[in-house]
Amino acid sequence: MTELTDFGTAVLVVSAVLFLALAGMRVADRLAVPYAAIFLLGAVALGELLPAAERLLSIREVERIAVVALIVILFHGGLHIGLGSFRRSAGPILALGVFSTFATAGLVALVARYALGFGWVEAGLVGAAIAPTDPAVTFSVFGARELRGRAGLILEGESAVNDPVGIALMVGMIEFATESGSGGFSIVVGEFVRQMAVGLAVGGASAYALLPVARRVRLTSASLYPIRVLAAAGIVYGLATVAGGSGFLAVFVAGVLLGDAALPRKGEIESFHASLAGLAEIAVFVALGLSIGLGDLWELRVWEDGLALALALTLLARPLAVLPLLLPVRLRWNERLFIVWGGLKGAVPILLGALAVIAGVEGAERLYGIVFVVVLVSVLVQGASLPWGARRLRLPFVRVDHDLAEVLEFVVREEAPSCGRRVAELPLAERAWLSAVIRDGRPLVLHDDLVLAAGDRVHVYSQPDAAPALRRIFEGRPT
């Protein structure tokens, strides 16, 4: 009975934390701050009230929770963006994801070395740790809002692409710190090239291998289709990681390639993964908040250095690293400024700090504390100011209610624009998906080359207010 009681207590605590976290999302909406801020601060407060809570998770366990959460968040982010949207902004996304991450890390390292008196190795480690932006925070901020133009898409794409760059930098710096500095730069370059190449290859190949399976192999229940896609995301990450590449990049690439593809139960898949990404965000930031206490931060004396680096990163390093890369891009100046300010930090920098602790790098605990302070400032200050900044820059940054999405059914008519056209040619909005096509009472295998015929019954997953436009497409009449 003791085992059952202990397990019941654990279930009670975890469920209560999740329940309160969901309620905290409403508080975050009212305060106009990212959900991550509420989860992180709530977990820190819990650790202060219940000191035993700080010992529930080791750094290694926090690192593993962060990895699993980021797999889910990045895959959902790829699905949300889709290949069509990514193509329109691939240049600036890749430029910021790669070159600005290296530049930011270098500039932060210089500030740490000459302004704060860090050693070169410690400065390089902290620069590599806090250079990447974070998809967990970025996707959560933009997932509930819509920013017209390319600025929001570029920020989302950058936060996903720069993860393998940050990991490569950190792995190189860790090996440099633990192996007496032999071959440091070549290690970083080699790690970066291998992770990017293998991650791209595995992500692309896996997505194209999954498409025919998802379209032709039917499952026994509609509720199983999203689970199959989730399992595929885990396989993609595992394959890329085992092959020595970036599993994070691989799952993001796979998500992007599948985002615009015609798949059975596409609406249910998107809805399931959106919910799962929300759960992953809660899990990772609660775990991060429990990984260190306020007393530890005071004891390590990291508040001053953390605040100084947060200011240097936000006001100096990111503008210098990002603005020159955005000059050739066709953007208005208010969009460029918004991208500079919107480089949010979160789970990825703390994950990189955890890697240094696990590797036994000298002074890693202090490094972890500094990174935590930088992330806390970024989430609370930058994240909370994004809606205000968008208004000041006269950018439309409005909340979008996705809760009312539903499956709409139409019957294709001969005079409709969709009759005789391929699925890939349908002028559907980016957030509308063809979920099923039924002909003569039998569902057809859904793929991009499927040609619609008069009398086909189509199921489209979209917002109800899109019904008039969709009716014109499939039935040729507005009402």
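I will try to describe carefully the structure that is included in this document. Within each chain, residue numbers correspond to sequence positions counted from 1 in written order. In view of the model being predicted, local features appear only for residues whose pLDDT reaches at least 70, and side-chain atom pairs are presented and counted only at 80 or more, with totals across whole chains, interfaces and linings using the full set of residues. Hydrogens and water are ignored here; the side-chain numbers use all heavy atoms of the structure.

### A few points about the sheet that holds strand β4 (residues 433-439)
Two strands make a pair as long as DSSP finds a minimum of two bridges between them. Helix and strand assignments come from DSSP, with helices taken as H or I runs of at least 4 residues and strands as E runs of at least 2, each series counted from the N terminus. Pairing in this open sheet of four strands is antiparallel, and the strands run β3-β6-β4-β5 from one edge to the other. The sheet terminates laterally at β3 (406-411) and β5 (442-443), the two strands that pair on one side only. As defined by bridge partners, β4 adjoins strand β6 (residues 457-462) across five bridges and the pair is classed as antiparallel. Across the sheet, the residue bridging to L434 is V460, located in β6. We call two residues in contact whenever any of their non-hydrogen atoms come within 4.5 Å of each other. Under this scheme, a helix contributes an axis fitted over its contacting stretch, all axes are lines through C-alpha atoms, and angles between N-to-C directions fall in the 0 to 180 degree range. In the packing of helix α11 (residues 266-290) onto the sheet, the strands contacted are β4 and β6, and the crossing angle to β4 comes to about 150 degrees.

### Details of the side chain of S100
By the secondary structure assignment, S100 is in helix α4 (residues 90-114). Residue exposure (1.4 Å probe, protein chains only): buried if accessible area is under 20% of the type maximum, exposed if over 50%, otherwise partly exposed. The exposure class assigned to S100 is buried, which follows from its relative accessible area of 1%. In this view, S100 contacts A95, E158, A321, V322 and L325; residues no more than four positions away in its chain are not counted.

### Things to note about the pattern of salt bridges
Each salt bridge in this description consists of a side-chain nitrogen of Lys or Arg and a carboxyl oxygen of Asp or Glu lying within 4 Å of one another. As enumerated under the stated definition, the model contains 10 salt bridges in all. For D305, the salt bridge goes to R366, with nearest N and O atoms at 2.3 Å. Remark: R366 occurs in helix α16 (residues 364-392) and D305 occurs in helix α13 (residues 303-326); sequence separation between them is 61 residues. You can call R366 partly exposed: its relative accessible area is 25%. Notably, a salt bridge pairs R413 with E415, separated by 2.8 Å at the nearest N-O pair. Of the residues examined, R413 reaches a relative accessible area of 34% and is grouped as partly exposed. It is possible to trace a salt-bridge network through shared partners that takes in E122, D305 and R366.

### Some points on the side chain of N334
Relative to the helices and strands, N334 is located in helix α14 (residues 333-341). Looking at N334, the relative accessible area reads 17%, which means it is buried. Nitrogen and oxygen atoms within 3.5 Å of one another constitute a polar contact, given that in protein one can donate a hydrogen and the other can accept it, and given that sequence-neighbouring residues count only through two side-chain atoms. Side-chain polar atoms of N334 contact the backbone oxygen of L393, separated by 2.9 Å. Look past the residues within four positions of N334 in its chain and what remains in contact with it is L393, R394 and L395.

### Considering the environment of R26
Relative to the helices and strands, R26 is located in helix α1 (residues 2-31). Residue classification places R26 among the exposed residues on the basis of a relative accessible area of 53%. Here the alpha-carbon distance between R26 and L352, two residues 326 residues apart in the chain, equals 30 Å.

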